[in-house]
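Reading the structure
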Amino acid sequence: MGLDSGWALAWVRESARVIAEHRAELIALDREIGDGDHGENMDRGFTAVLAKLDGVEPGTPGDVLKLVATTLISTVGGASGPLFGTAYLKAAGAVTGAEELDGAALVALLTAARDGIVLRGKAETGDKTMIDAWSPAVDAAAAAQADGASEAAVLEAAAAAAESGAEATEPLVARKGRASYLGERAIGHRDPGAQSSALLLRAAAQTAAEAAS
Amino acid sequence: MGLDSGWALAWVRESARVIAEHRAELIALDREIGDGDHGENMDRGFTAVLAKLDGVEPGTPGDVLKLVATTLISTVGGASGPLFGTAYLKAAGAVTGAEELDGAALVALLTAARDGIVLRGKAETGDKTMIDAWSPAVDAAAAAQADGASEAAVLEAAAAAAESGAEATEPLVARKGRASYLGERAIGHRDPGAQSSALLLRAAAQTAAEAAS
Amino acid sequence: MKKLINDPRAVVSESLQGLAAAHSDVVTVHTDPDFIVRAGGPRQGKVALVSGGGSGHEPLHGGFVGEGMLDAAVPGPVFTSPTPDPIVAATLAVDGGAGVLHIVKNYTGDVLNFETAAELAEVEGVTVRSVVIDDDVAVKDSLYTAGRRGVAGTVLVEKIAGAAAERGDDLDAVAAIATRVNAQARSMGVALTPSTVPHAGEPSFTLADDEVEIGIGIHGEPGRERIPLEPADAIVDRLLAPILEDLPFEGGDRVLLFVNGMGGTPQVELYIVFRRAAEALRERGIEVARSLVGNYVTSLEMQGVSITLLKLDDEFVELWDAPVNTIALRWGR
Amino acid sequence: MKKLINDPRAVVSESLQGLAAAHSDVVTVHTDPDFIVRAGGPRQGKVALVSGGGSGHEPLHGGFVGEGMLDAAVPGPVFTSPTPDPIVAATLAVDGGAGVLHIVKNYTGDVLNFETAAELAEVEGVTVRSVVIDDDVAVKDSLYTAGRRGVAGTVLVEKIAGAAAERGDDLDAVAAIATRVNAQARSMGVALTPSTVPHAGEPSFTLADDEVEIGIGIHGEPGRERIPLEPADAIVDRLLAPILEDLPFEGGDRVLLFVNGMGGTPQVELYIVFRRAAEALRERGIEVARSLVGNYVTSLEMQGVSITLLKLDDEFVELWDAPVNTIALRWGR
Ligand SMILES: Nc1ncnc2c1ncn2[C@@H]1O[C@H](COP(=O)(O)OP(=O)(O)O)[C@@H](O)[C@H]1O
Ligand SMILES: Nc1ncnc2c1ncn2[C@@H]1O[C@H](COP(=O)(O)OP(=O)(O)O)[C@@H](O)[C@H]1O
Ligand SMILES: [Mg+2]
Ligand SMILES: [Mg+2]
Ligand SMILES: [Mg+2]
Ligand SMILES: [Mg+2]
């Protein structure tokens, strides 16, 4: 039995909570190598998402993701708004109509999200962007699913890989986004978008584990 | 034998030196209850006076004082420029033509200087201005001269009285100049113009003592 | 002290050289003595307006030299009144035979130096009238102080009297209008941070991270009282209260609302202040018929703001709207 | 953090309300979504210019809405690109049937959000062209960065392209002029102090009392290198060198020299900078034919300055001199 729209809603709510909780941390990361607004941007977006959820019918997981996508696009702004917006939009597209998501569907969802970000932002792995969280997450999820892991375990693999991926941005020089202006001086700082991506994927894994238990 | 133009020149040179030496202190006093430029203003003025002295014939003490007056008027600006300028101008007028100044002439000089400041600035004793140094100085000089003191002793009395007068401005509320904007908050700070006046009169006394020895 | 300067004592002269290089279409800068006149020389038969004072308040006064406003500005050293010499030189340079109005901010130094200059200019055959500006309600006006200071209201006097001179009013009439603008204008300011005079090298006062200084002057003089930082709206209300009750301004009045930045305050903040001030006036039935927002009378890099209200009549409105073509104010035709 | 604000999150909207109250003669402010258009509505048959980006750079862009310059400005949150919605709304509001030019500063966020907005506006039947501004020589332009940033040169593009639209050029021609201005403009900035984003509450970087940051952006991003404070002339030479060699600018060229304050720098310092820049250009035989000095593209209360050079041709001069009537730039007729 896969993850349904109840999980999708739980994921989104947990995302909003965890982003609010880490707002200051994300601002601090962005202040080091960007312009100090990433936490504020994401928090503004997910606060708006929460407000939208109130009056809405659950529908399918895809419906929930689409609502997240359009809300982020119209409330976040900055670089991360269109990028996360596209990610959720493409993710929604990858699972349209499905009532429940099995491991394969989750891998498709994550892959589509990652590809959406690349499509808009043209970043490659190692450019010190959110892609450095998403790409290892997609790979780890695919490997776990190929090994027959449960839905929760697929997302757990994605979250863990995203977290290491975010951490692994620290020694990098940035080649996209504001941090690219800094050259060598970006070294030693974690990319804020990779960090928020890891938080979102951790929220997915955690709510999946709760749904399974 | 009174004080000649040699003394007048020495007084002016010593004034320039001592003002330069206390420039920062006068700025600091003015920063507390004014706008922080009194030391700069006075230093600019006396630096200009020094430069003017270079090419000039000594003449009488009155000639020297007049040169100081016009130079201060045209270089100091602020409140203190016209006030000290008038003081030296009236002082020069009080001793016009005299080659040497005896005790009576010195008292006349100081009185005229003080009256000139009052004429322009309309301050009374206790208003927390330079008058609080000049008025006691005039009174002390007159008393010393009446007691038959030497020229050097007349100026010593003036200098000492000016110094106490400057110190005595500390507990006062100001009623003229910028410090008057502060009301009670001026209490506890010494008036910068009274302090620079005391420095100038101390220079007069010291150079007179040197001339006598 | 962190400033984009070379020699601290050359700040004014180097800055004037830059001004001359940038704006030769509008002004001509004379050096030694330093003063700024309109490009093109004096206009025969027109009353000329001369203002001046310490530097560090830019664009006041040099930024207001030009058609419809000042004929000359005389910059002193930073925060220090100019001496009489350049004032006399500027006065003689711009006299077009119809006399010269001196617009003087009420500080002992400015008053004394302009007084001497006026006497000297009269000796040279130029008729001079002086108007002393004292719009700052932060200072108690009494026999026992140097009186109220001249602050941001000066710009309004220069603009409106400048327009009167341009339309051909004679010296007495221009002086009367300037006096009337001053009488109808009230200002009050607040500082969030002090400024640092280049030759002093240290801030003119210190404020804790959560303190503001109410009733600040434009020379870094401390103000009326020091209070904890409050929301902008509360501070605006504090500045407005003494302004409103002083003239007083009342329901039915039409006013010009001038929110002036002290130099270091971002524009977003000036407009937040304007918003509340306009709202507070509306609540009292006072109509904001004209407005001005920006850094016009500054105190170097000080963060803070002043609010000026000018009670308008039809003549003031007409003269305010008249064309002006200076570096800092430009509109019309 | 010391600011004249109320709720840190209401900074932009309250400031817009103040702007609306102060300047209803020049602009109309729409809220929710937030954008600023010329008072009087779209002009049929004229190409419309829309720009926008994060707030905190005022007067950019709202201060440049008006006759001869922009038709609309779209302010995002402080230092954050607006989302597509208000950009679309502004684009639809100002289209006069001749198409709309988007003037976009080269930041990933601005580019992506304007891109989406352009697509959506095209769906609504409005023809949109976009010009991306990247005049900042502090950033190495290579395949391996997000490319050069758009900084103060944006004002020059908005003025000159705005004049082209006003004289009746069609959309392709206006876009071509905007592209050409951007191609001929180069900028470089320095910060003496950082700025603090209201919702962040802390400065975006820290600098020691004797350090400056060379190659600063306009969002409080750290710059190219941190060096000890130097005399203004030395800093100006440091900023000019990469600008001059980049285009390159050469003896015989005519240029517009634009000295832009970052918000918290006093005017005296801007003119000291202008003085040296003009002198350095003269030494190289480069003629300063036009100039602009002031706080036009700011970074909140940041102290610092940027220098922009635009290589002029006769058409640029004519369009630069053409009338403009906005809150922050006004001349002509
Ligand atoms: N071209 C890009 N591709 C992928 N991610 C990007 C790109 N540019 C920026 N990002 C991500 O966006 C994050 C910054 O987002 P945010 O601070 O919200 O926007 P802004 O940079 O406009 O202030 C960066 O940490 C990075 O992860
Ligand atoms: N009306 C006055 N009468 C006498 N002295 C005055 C008067 N006003 C100011 N002063 C003196 O001038 C001093 C300030 O001089 P200064 O700082 O050079 O000028 P400013 O106040 O213009 O900056 C004060 O300390 C005071 O002694
Ligand atoms: Mg950011
Ligand atoms: Mg002083
Ligand atoms: Mg002074
Ligand atoms: Mg941003």
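Not measured: the values here are computed from a predicted model.

Examining the coordination of the magnesium ion (ligand 3)
All names here are of chain A. At 2.1 Å from the magnesium ion (ligand 3) lie its protein donor atoms, namely Asp30 (OD), Asp35 (OD) and Asp37 (OD). Between the magnesium ion (ligand 3) and the magnesium ion (ligand 6) the interatomic distance amounts to 3.5 Å, and Asp35 serves as a bridging ligand to the pair. In this pair, the class of Asp30 matches that of Asp37, namely buried.

Concerning the coordination of the magnesium ion (ligand 5)
Distances from the magnesium ion (ligand 5) to its protein donors, B:Asp35 (OD), B:Asp37 (OD) and C:Phe79 (O), fall within 2.0 to 2.7 Å. A spacing of 3.5 Å is found between the magnesium ion (ligand 5) and the magnesium ion (ligand 4), which share B:Asp35 as a donor. Of this pair, B:Asp37 sits in the loop between α2 (23–33) and α3 (38–54) while C:Phe79 sits in the loop between β4 (72–78) and α2 (84–94), on two different chains. We note that B:Asp37, like C:Phe79, is buried.

Here's the deal with the site of ligand 2
The environment of ligand 2 is formed by 21 residues, the closest being B:Asp35, B:His38, B:Ala79, B:Ser80 and B:Asp191. Taken together, the residues near ligand 2 originate from chains B and C. At 2.9 Å from an oxygen atom of ligand 2 is found a side-chain nitrogen or oxygen belonging to B:Asp37. For ligand 2, an oxygen atom lies 2.5 Å from a polar atom in the side chain of B:Asp191. Here ligand 2, which alone exposes 560 Å², has 96% of that area covered by the protein. Elements supplying a minimum of two residues to the shell around ligand 2: α3, α5 (80–94) and α9 (192–212) of chain B.

Some details on the packing of aromatic side chains
Residue and element names in this part refer to chain A. This model, assessed by the stated rule, comprises 14 aromatic pairs over all chains. Seen from their ring centres, Phe46 and Tyr88 are 6.5 Å apart, and the 70° between their planes marks the pair as edge-to-face. In this pair, Phe46 sits in helix α3 (residues 38–54) while Tyr88 sits in helix α5 (residues 80–94), placing the two residues 42 residues apart along the sequence. On the basis of relative accessible area, Phe46 is assigned to the buried category, the value being 1%.

Details of the interface of chain D and chain C
Each partner contributes to the interface: chain D provides 51 residues, whereas chain C provides 51 residues. Summing both partners gives a buried area of about 4600 Å² for chain D against chain C, and 61% of it is carried by carbon and sulfur. When the area that chain D buries against chain C is broken down by residue, the three leading residues are D:Lys2, D:Leu4 and D:Tyr271, summing to 20%. Our count for the contact surface shared by chain D and chain C stands at 22 residue pairs in polar contact (both at pLDDT 80 or more). Counting residues per element, the ones that place at least two in the side of chain D that touches chain C are α1 (11–22), α6 (232–246), α7 (267–283), β11 (287–294), β12 (304–311) and β14 (330–331) of chain D. Per element, the largest residue contribution to the side of chain D that touches chain C is 9 residues, and it comes from α7(D). Tallied by class, residues from the side of chain D that touches chain C come to 27 nonpolar, 12 polar and 12 charged.

A word on the packing of helix α6 (residues 232–246) of chain C against helix α7 (residues 267–283) of chain C
All names here are of chain C. One way to put it is that α6 packs onto α7 with a least axis distance of 9 Å and a crossing angle of 50°. On the basis of their axis angle, the class for α6 and α7 is oblique. Judged by the twist between their axes, the crossing of α6 over α7 is right-handed. Contacts between α6 and α7 involve Ala232, Asp233, Val236, Asp237, Leu240 and Leu244 from the former and Ile272, Val273, Arg275, Arg276, Ala277, Ala280 and Leu281 from the latter. Of the residues assigned to the contact of α6 with α7, the class counts are 9 nonpolar, no polar and 4 charged.

Some words on α7(C)
All names here are of chain C. Its 17 residues place the ends of α7 24 Å apart at the C-alpha level, agreeing with the 24 Å of an ideal helix rising 1.5 Å per residue. In terms of burial, α7 is largely enclosed, as 13 of its 17 residues are buried. Two residues or fewer past α7, Gly285 is found with a positive phi of approximately 75°.

Comments concerning a negative patch on the surface
A surface patch of like charges, here negative, comprises A:Asp4, A:Asp63, A:Glu99 and A:Glu100. With respect to the helices and strands, the residue A:Glu99 is situated in the loop between α5 and α6 (103–121).

Let's talk about the sheet that holds strand β10 (residues 254–261) of chain D
All names here are of chain D. One open sheet holds the 6 strands; their spatial order is β9-β8-β7-β12-β10-β11, and the pairing between them is mixed. Edge positions in the sheet fall to β9 (225–228) and β11, since each of these pairs with one other strand and no more. When the angles between neighbouring strand axes are averaged without regard to direction, this sheet yields 20°. Lying on the sheet, α7 is in contact with β10, β11 and β12; it crosses β10 at an angle near 155°.

Details of the domain arrangement of chain C
Residue and element names in this part refer to chain C. Annotation of chain C at the domain level lists domain 1 (12–184 + 321–331) and domain 2 (185–315). Computed over C-alpha atoms, the centres of domain 1 and domain 2 are 23 Å apart. The contact between domain 1 and domain 2 buries some 2900 Å² in all, and 58% of this surface belongs to carbon and sulfur atoms. By the criterion of area lost to domain 2, the three top residues of domain 1 are Phe79, Val137 and Gln184, representing 23% of everything that side buries. Linking domain 1 to domain 2 there are 5 salt bridges. With 6 residues, helix α5 (residues 171–184) is the single largest residue contributor to the side of domain 1 that touches domain 2.

Considerations on the relation of the copies chain D and chain C
Note on the identical chains: chain D maps onto chain C by a rotation of 180° and an axial translation of 0.0 Å, with an RMSD of 0.0 Å. Seen this way, the second copy is the image of the first under a two-fold rotation axis. Relative to the rotation axis, the closest C-alpha in chain D is found at D:Gly264, a distance of 2.0 Å. In this assembly, 100% of the residues forming the interface of chain D have copies in chain C that are likewise at the interface, indicating an isologous arrangement.

Some points on α3(B)
Turn by turn, an α-helix covers 3.6 residues, leaving residues three or four places apart pointing in a common direction. For α3(B), built from 17 residues, the straight-helix expectation of 24 Å at 1.5 Å per residue is met to within 8% by its first-to-last C-alpha distance of 25 Å. Looking at the packing, one finds that the buried side of α3(B) touches α1 (5–21), α2, α4 (61–75), α5 and α9 of chain B.

Here's the deal with the side chain of A:Ser80
Residues and elements named next belong to chain A. Among the secondary structure elements, Ser80 is positioned in helix α5. Residue classification places Ser80 among the buried residues on the basis of a relative accessible area of 7%. Setting aside its immediate chain neighbours within four residues, Ser80 contacts His38, Asn41, Met42, Gly85 and Met130.

Focus: the sheet that holds strand β3 (residues 48–55) of chain C
Residue and element names in this part refer to chain C. Spatially, 6 strands are ordered β1-β2-β4-β3-β5-β6 in an open sheet, and the strand pairing comes out mixed. Each end of this open sheet is capped by a strand with a single partner; those strands are β1 (27–30) and β6 (128–133). Put simply, the sheet's adjacent strands are angled 20° from each other on average, direction ignored. As judged from the 5 bridges shared by β3 and β4, these two strands associate in the parallel manner. Along β4, the bridge assignment pairs Ser51 with Ala73. With respect to the sheet, helix α1 (residues 11–22) is in contact with β1, β2 (35–38), β3 and β4, its orientation differing from that of β4 by roughly 145°.

Looking at the site of ligand 1
Residues and elements named next belong to chain A. Close to ligand 1 lie 21 residues; His38, Ala79, Ser80, Gly121 and Asp191 are nearest. With respect to ligand 1, the side chain of Asn41 contributes an N or O atom lying 2.9 Å from an oxygen atom. In the model, a nitrogen atom of ligand 1 is placed 2.9 Å from a nitrogen or oxygen of the Gly121 main chain. Its free accessible area being 570 Å², ligand 1 has 96% of it covered by the protein chains. For the shell around ligand 1, the elements supplying multiple residues, two or more each, are α3, α5 and α9 (192–212). Among the elements that take part in the shell around ligand 1, α9 stands out by supplying 3 residues, more than any other. Residue composition of the shell around ligand 1, grouped by class: 6 nonpolar, 9 polar and 6 charged.

Some thoughts on the pattern of salt bridges
Residue and element names in this part refer to chain B. Tallied over the entire structure, the rule returns 78 salt bridges over all chains. With its nearest N and O atoms 2.7 Å apart, the salt bridge here joins Glu21 to Arg17. You can see Glu21 and its partner Arg17 sitting in helix α1, 4 residues apart, about one turn around the helix. Residue Arg17 is classed as partly exposed on the basis of its relative accessible area of 43%.

Scoring rules and cut-offs
- Residues numbered from 1 in each chain as written.
- Chains lettered and ligands numbered in written order.
- Predicted model: local features only at pLDDT ≥ 70, side-chain atom pairs only at ≥ 80, totals over all residues.
- Heavy atoms only, no water.
- Donors = N, O, S within 2.8 Å, 3.2 Å for Na, K, Ca; no water.
- Buried < 20%, exposed > 50% of the residue type's maximum accessible area, 1.4 Å probe, protein only.
- Helix = DSSP H or I, 4+ residues; strand = E, 2+ residues; numbered from the N terminus.
- Near = heavy atom within 4 Å.
- Polar contact = N/O pair within 3.5 Å; in protein donor to acceptor, adjacent residues only side chain to side chain.
- Areas by Shrake-Rupley, 256 points an atom, 1.4 Å probe, with all protein chains shown as cover.
- Phe/Tyr/Trp six-rings, centres within 6.5 Å; stacked < 30°, edge-to-face > 60°.
- Contact = heavy atoms within 4.5 Å.
- Buried area = accessible area lost by both parts, 1.4 Å probe.
- Nonpolar A, V, L, I, M, F, W, Y, C, P; charged D, E, K, R; others polar.
- Axes fitted to C-alpha atoms, helices over the stretch in contact; angles between N-to-C directions.
- Parallel < 35°, antiparallel > 145°, perpendicular 65-115°, else oblique.
- Left-handed = near helix turned anticlockwise from the far one by under 90°.
- Expected span 1.5 Å × (residues − 1).
- Patch = residues over 30% accessible without salt bridge, like charges linked within 9 Å, V, L, I, M, F, W, Y side chains within 5 Å.
- Salt bridge = Lys/Arg side-chain N within 4 Å of Asp/Glu carboxyl O.
- Lys, Arg positive; Asp, Glu negative; His and termini not counted.
- Charge placed at Lys NZ, Arg CZ, Asp CG, Glu CD.
- Pairing = 2+ DSSP bridges.
- Domains from an automatic or database assignment.
- Least-squares fit on C-alpha atoms with pLDDT ≥ 70 in both.

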